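Next come the chains, spelled out residue by residue.
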Amino acid sequence: MMMLLFLPLQSAIVTFMGIVVLTMKAAVIELFLAAPQINCDVKAGKIIDPEFIVKCPAGCQDSKYHVYGTDVYASYSSVCGAAVHSGVISNSGGKILVRKVAGQSGYKGSYSNGVQSLSLPRWRESFIVSESKPKKGISYPSALTYSSSRSPATKAGKCETTKVYQKPSVPGTTAQPATPMQALPTTTPKATHTALPKPSLSATSATNSPRPQPVGHRNQEMDCKVDLSFLIDGGSGIGKRRFRIQKQFLEEVAQALDIGPAGPLMGVVQYGDNPATQFNLKTHMNSQDLKTAIKKITQRGGLSNVGRAISFVTKNFFSKANGNRGGAPNVAVVMVDGWPTDKVEEASRLARESGINIFFITIEGAVENEKQYVMEPNFANKAVCRTNGFYSLNVQSWFGLHKTVQPLVKRVCDTDRLACSKTCLNSADIGFVIDGSSSVGTGNFRTVLQFVANLSKEFEISDTDTRIGAVQYTYEQRLEFGFDKYSTKPDILNAIKRVGYWSGGTSTGAAINYALEQLFQKSKPNKRKLMILITDGRSYDDVRIPAMAAHQKGVITYAIGIVWAAQDELEVIATHPARDHSFFVDEFDNLYKTVPRIIQNICTEFNSQPRN
Ligand SMILES: *[C@@H]1O[C@H](CO)[C@@H](O)[C@H](O)[C@H]1NC(C)=O
């Protein structure tokens, strides 16, 4: 049966792409009107239809399908994950009705129905999920239309995008009045907004029948709505000639982006010793004006203080007065000739945490024997969101810079991927304080380490995301590893496994003081400091004063007690309210049960606090 269905579909696609108008008998189409099915990982932003019914599979409760928001979800969320979070379906899947609504200036995470949703500063589009009760007068798409900003401009990408998701119901798509002619890739990157129907994702279009969206055409110009800040290098080191090339590059980018109020907006900041805004987002609202203005920029001279410029942009650039639209992702593209003259990693982290997606283009960066002159030799990877290479571009020579125009434009416009913000899982320094006293015993100590590893696994770990440290104590204390010792999850998990059981007394108070000094004093500003203390008995020394010191220093303290641990002591150690920060289990083998609750509480607390 499937084979029989599939063959005509393939030919349908082929004819479709051959721009032959395809008519199918309505009766045949009816057969396929069952709700389209999607996978758990499909994000709402990938689907262009303003309102649709889909069928979710089982198993979407998994934390790997990220969900952002509560009730109203950022379209960066998994559709089916959000459906489980909102309680419309359970983990066994089912049909749901999804409606797109306007972007919000903030999304609050929460824990609900077994799904921890995350916070997000702002997003350009949202959606809500409800039971699949079709409303009268609305026709729901029998096949979904996917945005394909990620597929290459031409060629085979078309078939790939359709195949995966639309197989069951392609006839529905072809039956719509598709207008593929308009959508053919243009030969120049200058396709104007007016030439193509811009897919309006606002709630107002919800009652329209889904817009025919040609599959797989290059639509980066169409949904590239970003607020962009270009930081250009105006230091003396760059020289007149390369400064000119840099300006040329900017002009080409401005041209390729097709600047406009409905699409991308772009401002420029030039940095030397100090940064200055050349123009903000609303100074020039079309490519032509912008190019003319770029031509007139004169070089500032001085050092190349990139970090200072990034801090400046974080504080000043993306304000409403400067034309920031709020509904569009904020993007900063930092051009660096060689390397910066100041530190950039920390400034970049703070920029990212305030919701700015930061890209680095390094041109003629330090070669191996020059790295000794660079303060942060690996800044181009560390200053950006994670290290998958998406946010940093390395260019060998200024003369090859123009080749970067298209790759950059493509990435900057890949708005589905622009989500780089602070969450409960990527923004903490977590210090474990582990009781290694004699009463624990070797076997149980392994269980405790397993527990520490299981908690650690839940976080996103790197030196710019969550970091983990550990102290073991008896009468004495020792630093097992500090926050900056390991920067990957496998390394952390290995290090935890290698912690050797010490055996001795139980001086919990002294251990807290030790952790404050040896771990948390080295925590970075703006990181959440979490202490997770695990003990199986009453302390020999006073815990009250050390615990107060921890609370006063802003270290959020969780106390986990096992078997002989004293509940009253756990409550003293724990941050207020104690019921959210202290946990007790009557045997080591039950420790695993607290893992999801602890993670949940950490995230709930994070989400209930103002960020930054
Ligand atoms: C840790 O996770 C493993 C695998 O999920 C589980 O089998 C084990 O019971 C957990 N242990 C603890 C102490 O959390």
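Residues numbered from 1 in each chain as written. Predicted model: local features only at pLDDT ≥ 70, side-chain atom pairs only at ≥ 80, totals over all residues. Heavy atoms only, no water.

Asks: Sorry, what's going on with the state of the cysteines here?
Replies: Where two cysteines share a covalent bond between their sulfur atoms, that bond is called a disulfide. Applying the stated criterion across every chain, the model contains 4 disulfides. Note that cysteine 40 is cross-linked by a disulfide to cysteine 60, the S-S spacing being 2.2 Å. Handedness of the cysteine 40-cysteine 60 disulfide follows from its S-S torsion of about -75 degrees: it is left-handed. Separated by 20 residues along the polypeptide, cysteine 40 in the loop between α2 (26-30) and β1 (51-56) and cysteine 60 in the loop between β1 and β2 (69-70) bring together distant segments of the chain. The disulfide that involves cysteine 424 links it to cysteine 603, with 2.1 Å between the sulfurs. Looking down the S-S bond of the cysteine 424 and cysteine 603 bridge, the torsion is 75 degrees, so its handedness is right-handed. Of this pair, cysteine 424 sits in the loop between α12 (405-412) and β14 (428-435) while cysteine 603 is found in helix α19 (residues 594-608), placing the two residues 179 residues apart along the sequence. (Disulfide = S-S within 2.5 Å. Helix = DSSP H or I, 4+ residues; strand = E, 2+ residues; numbered from the N terminus.)

Asks: Before we go on, may I ask you to explain the sheet that holds β2 in this structure?
Replies: Hydrogen bonds between backbone atoms are what pair the strands of a sheet, whose relative direction is either parallel or antiparallel. Taken together, 5 strands build an open sheet; the order of strands is β1-β4-β7-β3-β2 and the sheet is antiparallel. Pairing within the sheet leaves two strands with one partner each, and these edge strands are β1 and β2. When strand β4 (residues 94-102) meets strand β7 (residues 125-131), the two strands line up antiparallel, connected through 7 bridges. Note that in β7 the partner of arginine 99 across the bridge is isoleucine 128. (Pairing = 2+ DSSP bridges.)

Asks: How do you make sense of the packing of helix α7 (residues 239-257) against helix α8 (residues 287-295) when you look at a structure like this?
Replies: A pair of packed helices is captured by two measures, namely the crossing angle of their axes and the spacing between those axes. α8 packs onto α7 with a crossing angle of 175 degrees between their chain directions and a minimal axis gap of 9 Å. Put simply, α7 runs roughly antiparallel to α8. Facing Lys247, Leu250, Glu251, Ala254 and Gln255 of α7, the residues of α8 in contact are Ser287, Leu290, Lys291, Ile294 and Lys295. Split by residue class, the contact of α7 with α8 holds 4 nonpolar, 2 polar and 4 charged. (Axes fitted to C-alpha atoms, helices over the stretch in contact; angles between N-to-C directions. Parallel < 35°, antiparallel > 145°, perpendicular 65-115°, else oblique. Contact = heavy atoms within 4.5 Å. Nonpolar A, V, L, I, M, F, W, Y, C, P; charged D, E, K, R; others polar.)

Asks: Would you take a moment to explain the site of the ligand for this structure?
Replies: Around the ligand, a shell composed of Thr447, Gln450, Phe451, Asn454, Tyr592 and Val595 is seen. The element contributing the most residues to the shell around the ligand is helix α13 (residues 442-457), with 4 residues. Along the lines of polarity and charge, the residues of the shell around the ligand split into 3 nonpolar, 3 polar and no charged. (Near = heavy atom within 4 Å.)

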